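Observations on the model geometry
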Amino acid sequence: MPHALAGRPVLRMNGAGNEILVLDLRGAALSVSPQEARAIATQAGLAYDQLMVIHDPRERSADAALTIYNVDGSLSAACGNGTRCAAFALARAEGAPAVVFETDAGRVASWREEEFYFRVDMGRPRLAWREIPLARDVGDLADVALDPPVPGAPARFSAVGMGNPHAVFFVADAEGVDLLGLGPKIERHPLFPERVNVSFAEMRARDDILLRVFERGVGPTKACGSAACATLVAAAQTGRAERRARVRLPGGDLTIEWRDDDHVHMSGPVALEFETTLAARTFEGLAA
Ligand SMILES: N[C@H](CCC[C@H](N)C(=O)O)C(=O)O
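Quick caveat: nothing in here was measured; it's all calculated off a predicted structure. (Residues numbered from 1 in each chain as written. Predicted model: local features only at pLDDT ≥ 70, side-chain atom pairs only at ≥ 80, totals over all residues. Heavy atoms only, no water.)

1. A closer look at the overall build of the protein chain
- Within the protein chain, the regular secondary structure consists of four helices and 18 strands.
- Along the first, second and third principal axes, the C-alpha atoms of the protein chain reach 55 × 40 × 30 Å.
- Every one of the 288 residues in the protein chain was classed for burial, and the buried ones make up 56%.
- Put simply, 64% of the contacts in the protein chain that link residues at least 6 apart link residues at least 24 apart.
- Split by element, the accessible area of the protein chain, about 11800 Å² in all, is 49% carbon and sulfur. (Helix = DSSP H or I, 4+ residues; strand = E, 2+ residues; numbered from the N terminus. Buried < 20%, exposed > 50% of the residue type's maximum accessible area, 1.4 Å probe, protein only. Contact = heavy atoms within 4.5 Å. Areas by Shrake-Rupley, 256 points an atom, 1.4 Å probe, with all protein chains shown as cover.)

If you want it as structure tokens, here you go:
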């Protein structure tokens, strides 16, 4: 009995270099387990940062629902680059230039600005400690002590939720940060009960930010959209930036805007690298 996911088409994409797989399960009463999500990453050429699974929406007013997996099999409620890639997939499949997704972080709209350039409305930043979440009330979320301290890490950071948790450290030299050394220690710091995405931001100008990210459940990535949103919000809150900036990541640039309606919008490139199908042997040893 072949596995239910065997033979399913997947799109191998990237959003500003963030490695994304898009799996459209609409019309199929199927879901993906953490074990299956991890197994998919082992298939030749399919290693990803996030897997975006598209399902039928629960409510007719939405076009689809999204379930978002990190490569370690953990779930994330938000993925800006991946959402843009999923919007591209729907635009490609149905010509829909704009879509509304149901996600674990609420409804998220995304629309095409150019054929390979999409915008996503990531909704409002979460600026209450329980919503990020943090383990305790730390007072001013824009200026939090990393307590207990992590040797070699900056002493203070800004905490912002975008449906997923972010810790933003402002540094003089983002490219000089020991991302692999500090990232895992901060990702699993006791202040973050659901772990955290770790960003190091260098203000090149008030509208120009250099960003390096160690992602929760992944590690260093070439881009992280929700981290770019969290960083712009933190920079604006701390007087470092206006409410719109270019965020430069290793894989590409994103434009982030924290609008007057409190919604954060992100615009950036998407790329379709190739299309393939999930192989039966990918799921060997897993329940069919
Ligand atoms: N790369 C994604 C973020 C994934 C966040 C995930 N690492 C988590 O929150 O667990 C983005 O473009 O927003």
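That covers the picture; the talk isn't over yet.
2. Observations concerning the site of the ligand
- Around the ligand, 15 residues are found, and the nearest of them are Asn-18, Asn-70, Arg-216, Gly-225 and Ser-226.
- Residue Ser-76 places a side-chain N or O atom 3.1 Å away from an oxygen atom belonging to the ligand.
- One nitrogen or oxygen atom from the main chain of Asn-81 is found 3.1 Å from an oxygen atom belonging to the ligand.
- Along the lines of polarity and charge, the residues of the shell around the ligand split into three nonpolar, ten polar and two charged. (Near = heavy atom within 4 Å. Polar contact = N/O pair within 3.5 Å; in protein donor to acceptor, adjacent residues only side chain to side chain. Nonpolar A, V, L, I, M, F, W, Y, C, P; charged D, E, K, R; others polar.)

3. Considering the pairing of strand S6 (residues 98–103)
- Bridge analysis of strand S4 (residues 64–70) against S6 gives two bridges, and the strand direction is parallel. Residue Ala-64 lies in a different strand from S6, and its bridge partner there is Phe-101.
- Relative to strand S7 (residues 106–114), S6 runs antiparallel, the two being bridged by six bridges. Among the inter-strand pairings, Thr-103 is bridged to a residue of S7, identified as Gly-106. (Pairing = 2+ DSSP bridges.)

4. Thoughts on the pattern of salt bridges
- Under the criterion given, the structure shown has 22 salt bridges.
- A salt bridge links Arg-26 to Glu-94; its shortest N-O distance comes to 2.8 Å. Of this pair, Arg-26 sits in the loop between strand S2 (18–24) and helix H1 (34–40) while Glu-94 sits in helix H2 (residues 80–94), placing them 68 residues apart in sequence.
- By relative accessible area, Arg-26 is classed as partly exposed at 23%.
- A residue is classified by how much of its surface remains accessible, and Glu-94, at 48% relative accessible area, is partly exposed.
- One salt-bridge network, held together by shared partners, links Glu-113, Arg-119, Arg-244, Glu-257 and Arg-259. (Salt bridge = Lys/Arg side-chain N within 4 Å of Asp/Glu carboxyl O.)

5. Side note on the nonpolar core
- Leu-211 and Ile-256 are the most contacted members of the largest nonpolar core, which totals 33 residues.
- Of all elements in the fold, only strand S11 (165–170), strand S13 (208–215), helix H4 (225–237), strand S15 (244–249), strand S16 (252–258) and strand S17 (264–269) reach the threshold of two or more residues within this core.
- No other element matches the nine residues that H4 contributes to this core.
- Formed jointly, this core draws a minimum of three residues from each of two domains, domain 1 (9–123 + 271–283) and domain 2 (144–262).
- Here Leu-211 is in contact with Ser-199, Phe-200, Ala-201, Ala-227, Ala-228, Thr-231, Val-247, Arg-248, Leu-249 and Pro-250, once residues within four sequence places are set aside.
- Of all hydrophobic cores here, the second largest spans 24 residues; its members include Trp-129, Leu-141, Ala-174 and Leu-179. (Core = buried A, V, L, I, M, F, W, Y, C linked by side-chain atoms within 4.5 Å. Domains from an automatic or database assignment.)

6. Focus on the domain arrangement of the protein chain
- For the protein chain, the domain assignment lists domain 1 (9–123 + 271–283) and domain 2 (144–262).
- With centres defined by C-alpha atoms, the gap from domain 1 to domain 2 works out at 23 Å.
- Counting from both sides, the interface comprises 23 residues of domain 1 and, opposite them, 22 residues of domain 2.
- Between domain 1 and domain 2 the total buried area reaches about 1500 Å² when both faces are included, carbon and sulfur atoms providing 44% of it.
- Across the domain 1-domain 2 interface, the total number found is three salt bridges. (Buried area = accessible area lost by both parts, 1.4 Å probe.)

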